[in-house]
Amino acid sequence: MNLIVHENYDEMSVAAAERIASIIQERPTATILPATGSTPMTAYADLSRMSDAGLLDASQVRVFQLDEYLGLAETDFRSLFAWTLRSLVAPLGIPRDRVRNLPGQASDPDAACRDYDAAIEAAGGIDLAILGLGPNGHLGFNEPPSNLDAPSRVVELTPESITSNGPYWGGTDRVPPQALTAGMSVIRDARAVLLLVSGEHKRSILERTIRGEVTPDCPSTWLQRHPNVTVFADRAAAGYLPSDN
Ligand code: PGA
């Protein structure tokens, strides 16, 4: 894992956006797996500015949705699909038909997850996963415990994830208890992974991710086994961990 530490969140976001842009410039048809959550939002806004300025053409990028709450319609403002559309897909001018969702309202969610994995395989795999780090080490909604070969699937959210997502829902009691997630196997097979981590509250989970024992009980530790992971962290999250750049 390559750890790149920036002094603050905004600088980290600029650097992450530049890395994402350079990957898209090298491979305009790149297939990406982008997280929602608060951490990547400024990087996405920076990418949007590059796109508006004519410095980035993302119109051929293909997007696979990382995760979704079970039971939510695509059109629901609170869905992670809608969030992906408004934060990344629309601002970058990526055509809607190049976005593959994880359908929160599928009549058979297990079958929908199998179809999703098959669609990723048919697309030739993921070029770039852009991930945030859950306070419990989840990636997407691969909650602990998650094995490295876990396929895309329906999961029960842990109390930690319900707590951390409570603010988005106006209270923990309103957070849907289940979700669909791209599996750890999708992240494992991604050709490149960027992990964005910000804030002092992520310090201990970031240290565990990088230096801890690799275990299903902390799914992010599996990234230690991945050959191409770059962690963009701000100093508040990295603490005394040394930057590799
Ligand atoms: P955050 O979420 O970016 O809002 O901190 C990360 C996550 O829980 O995966």
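Residues numbered from 1 in each chain as written. Predicted model: local features only at pLDDT ≥ 70, side-chain atom pairs only at ≥ 80, totals over all residues. Heavy atoms only, no water.

1. Quick notes on the environment of Thr163
In plain terms, the rule: Put simply, DSSP H or I for four residues or longer makes a helix, DSSP E for two residues or longer makes a strand, and each gets a number counted from the N terminus. Partly exposed residues are those whose accessible area sits between 20% and 50% of the maximum for their type, while under 20% is buried and over 50% is exposed, using a 1.4 Å probe and protein chains only.
In this structure, Thr163 sits in helix α5 (residues 159-169). Looking at Thr163, the relative accessible area reads 52%, which means it is exposed.

2. Observations concerning the sheet that holds strand β3 (residues 62-64)
The strands that make up a sheet pair up through hydrogen bonds in the backbone, lying either parallel or antiparallel. Just so we agree on the cut-off: If DSSP finds at least two bridges between two strands, the strands pair. By definition, residues are in contact when any of their heavy atoms lie within 4.5 Å. Here an axis means a line fitted to C-alpha atoms, over the contact stretch when the element is a helix, while the angle between two N-to-C directions is reported on a 0 to 180 degree scale.
Pairing is parallel across the open sheet formed by seven strands, whose spatial order is β1-β10-β9-β6-β2-β3-β5. Two strands lie at the open edges of the sheet, namely β1 (2-6) and β5 (99-100), each paired on one side alone. Pairing of β3 with β5, which is carried by two bridges, proceeds in the parallel orientation. For Val63, the partnering residue across the bridge sits in β5 and is Val99. The strands touched by helix α3 (residues 80-89) are β2 (31-34), β3 and β5; relative to β2, the strand with the most contacts, the crossing angle is about 120°.

3. Digging into α3
Along α3, eight of the ten residues are buried, which leaves the element largely enclosed by surrounding structure. Listing the buried residues of α3 in full gives Leu80, Phe81, Ala82, Trp83, Thr84, Ser87, Leu88 and Val89. Summarising the contacts, the buried residues of α3 are in contact with β2, α2 (41-52), β3, β4 (67-69), β5 and α5.

4. Structural notes on the pairing of strand β10 (residues 229-234)
Where burial is concerned, most of β10 is hidden: six out of the six residues are buried. Neither face of β10 is open: one carries Val229, Val231 and Ala233, the other Thr230, Phe232 and Asp234, and all of them are buried. Where strand β9 (residues 192-197) and β10 come together, five bridges link them in parallel fashion. Each bridged residue has a counterpart across the sheet, and for Val193 the counterpart in β10 is Val229.

5. Description of the packing of aromatic side chains
Note the threshold: A pair of aromatic rings is counted whenever rings of Phe, Tyr or Trp (Trp by its six-membered ring) have centres within 6.5 Å, and the orientation is called stacked for planes under 30 degrees apart, edge-to-face for over 60 and tilted otherwise.
In the structure shown here, the tally under the stated rule is four aromatic pairs. Both rings, one in Trp83 and one in Tyr168, keep their centres 5.2 Å apart while their planes meet at 65°; by these two values the pair is edge-to-face. Of this pair, Trp83 sits in helix α3 while Tyr168 sits in helix α5, placing them 85 residues apart in sequence. A residue is classified by how much of its surface remains accessible, and Trp83, at 16% relative accessible area, is buried.

6. Comments concerning the site of the ligand
Note the following rule: Here a residue counts as near a molecule or strand whenever at least one of its heavy atoms sits within 4 Å of it. Residues adjacent in sequence count toward polar contacts only when both atoms are side-chain atoms; beyond that, a polar contact is any pair of N or O atoms within 3.5 Å, and within protein one must be able to donate a hydrogen and the other to accept it. Note on areas: these come from Shrake-Rupley sampling with a 1.4 Å probe, and a residue is covered only by the protein chains present in the view.
The local shell around the ligand consists of Gly37, Ser38, Thr39, Leu133, Gly134, His138, Tyr168 and Lys202. Ser38 places a main-chain nitrogen or oxygen 2.9 Å from an oxygen atom of the ligand. His138 has a polar side-chain atom sitting 2.8 Å from an oxygen atom of the ligand. Considering the ligand on its own, with 280 Å² of exposed area, one finds that the protein chains cover 84% of that surface.

7. With respect to the sheet that holds strand β8 (residues 178-181)
Read across the sheet, three strands follow the order β4-β8-β7 without closing on themselves; strand pairing throughout is antiparallel. Unpaired on one side and paired on the other, β4 and β7 (153-156) mark the two borders of the sheet. Across the sheet, the mean angle separating the axes of adjacent strands is 30° when strand polarity is ignored. Alignment of β7 against β8, held across four bridges, turns out to be antiparallel.

8. Section: helix α4 (residues 109-122)
Rule in force here: The span one expects for a helix is its residue count, reduced by one, times 1.5 Å. When we speak of the arc, we mean the arc of directions from the helix axis to the C-beta atoms.
Along its 14 residues, α4 runs 20 Å from first to last C-alpha, staying within 8% of the 20 Å computed at 1.5 Å per residue. Within α4, the full set of buried residues consists of Pro109, Ala112, Cys113, Tyr116, Ala119 and Ile120. Down the axis, α4 shows its buried residues gathered within 120° of arc, on one side only. Seen from the open side of α4, the exposed residues pointing more than 90 degrees away from its buried face are Arg114, Glu121 and Ala122. Against the buried residues of α4 lie β2, β3, β5, β7, β8 and α6 (184-189). Positioned one or two residues after α4, Gly124 has a phi angle of 90°, which is positive.

9. Concerning the confidence of the model for the chain
Applied cut-off: Confidence of the predictor in every single residue is expressed as pLDDT, which spans 0 to 100.
Here the chain averages 97 in pLDDT, while 100% of its residues score no lower than 70. Considering each helix and strand of the chain separately, the mean pLDDT is smallest for α5, with a value of 93, and largest for strand β6 (residues 128-132), with 99.

10. A few points about the environment of Thr36
Structurally, the position occupied by Thr36 is in the loop between β2 and α2. Residue Thr36 is classed as buried on the basis of its relative accessible area, which comes to 12%. Expressed as a C-alpha distance, the spacing of Thr36 and Thr84, which sit 48 residues apart in the sequence, is 6.3 Å. With near-sequence residues (within four places) excluded, Thr36 lies in contact with Met41, Asp67, Leu80, Trp83 and Thr84.

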